[in-house]
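Structural overview for review
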Amino acid sequence: MVASEFAAVSVSLDSRGNGTRLRLEDLRSGAVRYLDALELESIVWAPEHWVRELLDPSRHRWRDADPGPSVESMRETDPGDAGT
Amino acid sequence: MTTADVAPGDLRSRVGTDRVHGSLYTDPAIYALELERIWYTTWVYVGHTSEIPQPNDYVRKDIGPQQVVMTRDKAGGIHVLHNRCAHRGNLVCDAEQGNSSSFRCPYHGWTFANTGELLGFPFNQGYGGARARERLSGLGAAPRVESYRGFVFASLAAEGPTLREHLGAAADRIDQLVRLSPVGEVELTAGWVRHEVTANWKMLVENETDGYHPQFVHSSIFSISGSGIGALYSDKSTAVTRALGGGHSENDLSPEFRRLGVPMGWAGTPESKIPEYTAAMRAAYGAENGDEIMINGSPHVMIFPNLFIAEIQLFVLQPLAVDRTVQHVTAIQFAGAPDLNRRLVTQCVGSVGPAGMLLADDAEMYERNQRGVAQRRPEWLDLSRGLHRERTDEHGFTIGTATDETSMRAMWEHYLTLMDPS
Ligand code: FES
Ligand SMILES: [Fe+2]
């Protein structure tokens with residue numbers, strides 16, 4: 001688990017598929033995201049400001065209009081694991 | 001009461017060369033003025049870089065009653081931020097320490113970088129979109145943060161003397177301390193004891209380099225531990241009390257340690273107990289210099305207004321009210337000296353740990369003193385000890401014998417320059 005006073009995320013490896021991927025679960029909401037090797041590599045190379053933009057709470061999560069793309073994309077990946 | 005209750009000139013009439021008025025320790029209006037003119041103006045010690053070694057480390061600290069967060073950003077820069085959300089003022093950080101590039105307020109989710117910059121807020125249409133970031137505030141930051149040899153100080157005033165100007169000769173004492181590490185670094189990683197006393201903060205500042213009390217107040221610990229330190233605080237001793245300027249002062253016991261001529265004699269630790277340390281010191285500085293550093297010992301210096309380095313332990317003073325002060329205490333650890341460090345922790349547990357005798361002895365005196373000065377007569381505290389035998393040393397500093405009140409007189413002189421700058 002990677003946790004601070006601000007967030008708690010459980011981190012594990014998932015190998016139910018044909019290749020290994022990273023499973024991240026936001027323990028406060030139950031939302032889950034999987035990241036494969038190429039996605040992880042892309043994150044490693046992403047510029048610093050990209051991460052900073054993700055930290056804006058209005059960016060994807062607490063939005064006024066639509067619920068944000070991240071939850072939907074997670075459901076596509078693995079409906080059984082999506083947040084409740 | 002407000003600060004307006006203290007008329008200009010009032011303070012000067014309460015501080016004489018050989019006495020101070022009791023109200024300086026008990027008047028809430030004077031305390032309020034001290035917060036503004038001393039604690040929120042001058043350089044105040046906040047923390048040490050060894051407490052935030054990695055990028056994005058942070059630790060909660062204080063500047064008097066102000067809560068601050070000392071952070072290291074991703075690029076290594078150090079920031080001192082007020083623990084107050086820019087939205088509606090909630091406390092942002094709660095943990096004593098952690099590692100995070102950003103902080104999210106628990107009340108409505110405003111999110112700040114560890115530099116203080118506002119990164120965003122939930123449901124931003126209520127502010128007209130993300131662009132509102134540009135007009136909304138980030139976390140308040142201390143306008144000036146500087147460090148010396150890993151010791152981080154902050155000033156809440158945008159302008160004023162530099163840290164080096166503020167430290168003056170006290171910087172040499174930090175050098176003296178840091179030199180006792182074979183790699184020239186101290187680490188404040190042994191953990192902290194928080195000890196609160198019902199006394200005015202200046203009682204503590206004055207006591208730190210008062211060489212008159214140890215033979216009375218600390219006689220039991222000196223006799224139990226067989227320490228020779230008590231005897232050094234006497235008129236026969238060649239030790240001196242030195243005013244270093246800027247309100248800083250020290251008890252310099254090194255003349256006695258040099259007379260003794262034993263490496264680590266000042267610490268009461270025989271060389272046979274710390275062979276790795278003494279070898280590392282001689283390897284790092286050369287045999288002669290290494291021995292000289294180990295003979296000379298560690299400083300006993302009060303860096304005004306809140307950092308007290310007492311040979312092997314370090315105290316940070318934090319006033320909370322006119323009659324409430326917290327001492328944060330830790331055992332000093334020297335990088336590259338594991339065998340010495342283990343002994344230092346053990347020694348500090350005995351002297352200033354939760355059941356430590358040194359701390360308990362002094363705390364008892366602070367609290368008695370605070371109650372005592374609230375009595376009506378006589379109105380003044382005497383400060384005249386050794387005034388007739390004060391001298392100037394070869395470096396131009398005012399010195400007195402080991403038991404003289406030279407350091408207190410100098411502290412009050414500096415106090416007036418801050419409190420009544422006219
Ligand atoms: S008070 Fe911090 S987000 Fe509202
Ligand atoms: Fe003492």
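Cut-offs applied
- Residues numbered from 1 in each chain as written.
- Chains lettered and ligands numbered in written order.
- Predicted model: local features only at pLDDT ≥ 70, side-chain atom pairs only at ≥ 80, totals over all residues.
- Heavy atoms only, no water.
- Helix = DSSP H or I, 4+ residues; strand = E, 2+ residues; numbered from the N terminus.
- Rg over C-alpha atoms; globule rule 2.2 N^0.38 Å.
- Buried < 20%, exposed > 50% of the residue type's maximum accessible area, 1.4 Å probe, protein only.
- Contact = heavy atoms within 4.5 Å.
- Areas by Shrake-Rupley, 256 points an atom, 1.4 Å probe, with all protein chains shown as cover.
- Lys, Arg positive; Asp, Glu negative; His and termini not counted.
- Charge placed at Lys NZ, Arg CZ, Asp CG, Glu CD.
- Donors = N, O, S within 2.8 Å, 3.2 Å for Na, K, Ca; no water.
- Tetrahedral: all angles 85-135°; square planar, octahedral: opposite > 155°, others 65-115°.
- Buried area = accessible area lost by both parts, 1.4 Å probe.
- Salt bridge = Lys/Arg side-chain N within 4 Å of Asp/Glu carboxyl O.
- Polar contact = N/O pair within 3.5 Å; in protein donor to acceptor, adjacent residues only side chain to side chain.
- Nonpolar A, V, L, I, M, F, W, Y, C, P; charged D, E, K, R; others polar.
- Core = buried A, V, L, I, M, F, W, Y, C linked by side-chain atoms within 4.5 Å.
- Domains from an automatic or database assignment.
- 1 Å grid on protein atoms, 1.4 Å probe; cavity = no way out; pocket = protein on both sides within 12 Å on 5 of 7 lines; lining within 4 Å.
- Points joined across faces, edges and corners; volume = space filled by probe spheres on them.
- Pairing = 2+ DSSP bridges.
- Axes fitted to C-alpha atoms, helices over the stretch in contact; angles between N-to-C directions.
- Parallel < 35°, antiparallel > 145°, perpendicular 65-115°, else oblique.
- Left-handed = near helix turned anticlockwise from the far one by under 90°.

This next bit is on the overall build of chain B. Helices and strands together make up the secondary structure of chain B, namely 15 helices and 23 strands. For 422 residues, the compact-globule formula gives about 22 Å, and the C-alpha radius of gyration of chain B, at 23 Å, lands near that figure. Taking the principal axes of the C-alpha coordinates as reference, chain B spans close to 75 × 55 × 40 Å. When the 422 residues of chain B are sorted by exposure, 55% land in the buried category. When contacts within chain B are restricted to residue pairs at least 6 apart in sequence, long-range pairs at least 24 apart make up 62% of them. By element, 50% of the accessible surface of chain B is carried by carbon and sulfur atoms, the whole surface being about 18000 Å². With 38 positive and 50 negative side-chain charges, chain B shows a spacing of 4 Å between the two charge centroids.

A few words now on the coordination of the iron ion (ligand 2). Expected angles at a metal are 109.5 degrees for tetrahedral coordination by four donors and either 90 or 180 degrees for octahedral coordination by six donors. Residues and elements named next belong to chain B. Protein coordination at the iron ion (ligand 2): the donors are H213 (NE2), H218 (NE2), D362 (OD) and D362 (OD), at 2.1 to 2.5 Å from the metal. Its 4 donor atoms give the iron ion (ligand 2) angles of 55 to 147° at the centre, a pattern that matches the irregular case. All donor residues of the iron ion (ligand 2) come from one chain, and their arrangement in sequence is H-x4-H-x143-D. In this pair, H218 sits in the loop between α7 (214-217) and α8 (219-225) while D362 sits in helix α14 (residues 357-373), placing the two residues 144 residues apart along the sequence. Owing to a relative accessible area of 12%, D362 belongs among the buried residues under this scheme.

What follows concerns the interface of chain A and chain B. Each partner contributes to the interface: chain A provides 12 residues, whereas chain B provides 25 residues. Between chain A and chain B, roughly 1500 Å² of surface is buried when both sides are summed, and carbon and sulfur atoms account for 53% of that area. For the pair chain A and chain B, the interface holds 3 salt bridges. R133 of chain B is paired through a salt bridge with D56 of chain A; the nearest N and O atoms lie 3.3 Å apart. Linking chain A to chain B there are 10 residue pairs in polar contact (both at pLDDT 80 or more). Elements represented by at least two residues in the side of chain A that touches chain B include exactly α2 (48-54) and α3 (57-60) of chain A. Across the side of chain A that touches chain B, the residue classes break down as 4 nonpolar, 1 polar and 7 charged.

Residue and element names in this part refer to chain B. Counting residues in hydrophobic clusters, the biggest one holds 100 residues, and the most contacted among them are L24, F151, Y277, I309, F334 and W412. Inspection of this core shows a minimum of three residues originating in each of domain 1 (45-148) and domain 2 (186-419). When sequence neighbours within four positions are dropped, the list of residues in contact with I309 reads I174, L177, P299, H300, V301, I303, L314 and I332. Core analysis: the next-biggest nonpolar cluster, separate from the first, contains 16 residues, C85, C105, F112 and L136 among them.

On to empty space enclosed by the protein, then. Gaps left between atoms are located by rolling a probe of water-molecule size over the structure's atoms. Residues and elements named next belong to chain B. In total, this model carries 1 cavity of 30 Å³ or more according to the counting rule given. Estimated volume of the largest cavity: approximately 40 Å³. Lining of the largest cavity is provided by V205, E206, T209, G247, S249, M302, S407, M408 and M411. Every element with two or more residues in the lining of the largest cavity is listed here: α6 (201-208) and α15 (406-419). If one sorts the elements of the lining of the largest cavity by residue count, α15 sits on top with 3 residues. Its residues assigned to classes, the lining of the largest cavity shows 4 nonpolar, 4 polar and 1 charged.

Residue and element names in this part refer to chain B. Burial along strand β17 (residues 307-310) is two-sided: L307 and I309 and F308 and A310, pointing in opposite directions, are all buried. Where strand β16 (residues 300-303) folds back on β17, the antiparallel hairpin that results is connected by 3 residues. Across 4 bridges, the pairing between β17 and strand β18 (residues 313-321) is antiparallel. Its bridge partner being in β18, A310 is matched across the sheet by Q313. Between β17 and β18, which pair antiparallel in sequence order, lie 2 residues; one of them, E311, sits at a positive phi of approximately 55°.

Time to look at α6 of chain B. With 8 of its 8 residues buried, α6 of chain B lies for the most part within the structure. For α6 of chain B, every residue scored as buried is listed here: W201, K202, M203, L204, V205, E206, N207 and E208 of chain B.

Residues and elements named next belong to chain B. Where helix α11 (residues 275-285) contacts helix α12 (residues 287-296), the axes come no closer than 6 Å and their chain directions differ by 125°. The orientation of α11 relative to α12 falls into the category oblique. Relative to α12, α11 is oriented so that their crossing is right-handed. Residues Y277, T278, M281, R282 and Y285 of α11 form the contact with α12, whose own contacting residues are A287, N289, G290, D291, I293 and M294. Class assignment for the residues of the contact of α11 with α12 results in 6 nonpolar, 3 polar and 2 charged.

This part takes up the domain arrangement of chain B. Residues and elements named next belong to chain B. In terms of domains, chain B is made up of domain 1 (45-148) and domain 2 (186-419). Computed from C-alpha atoms alone, the centre-to-centre distance between domain 1 and domain 2 is 34 Å. Facing the 8 residues of domain 1 at the interface are 12 residues of domain 2. On the domain 1 side of the contact with domain 2, Y45, H48 and S50 bury the most area, a combined 55% of that side's loss. At the surface where domain 1 touches domain 2, the tally comes to 0 salt bridges.

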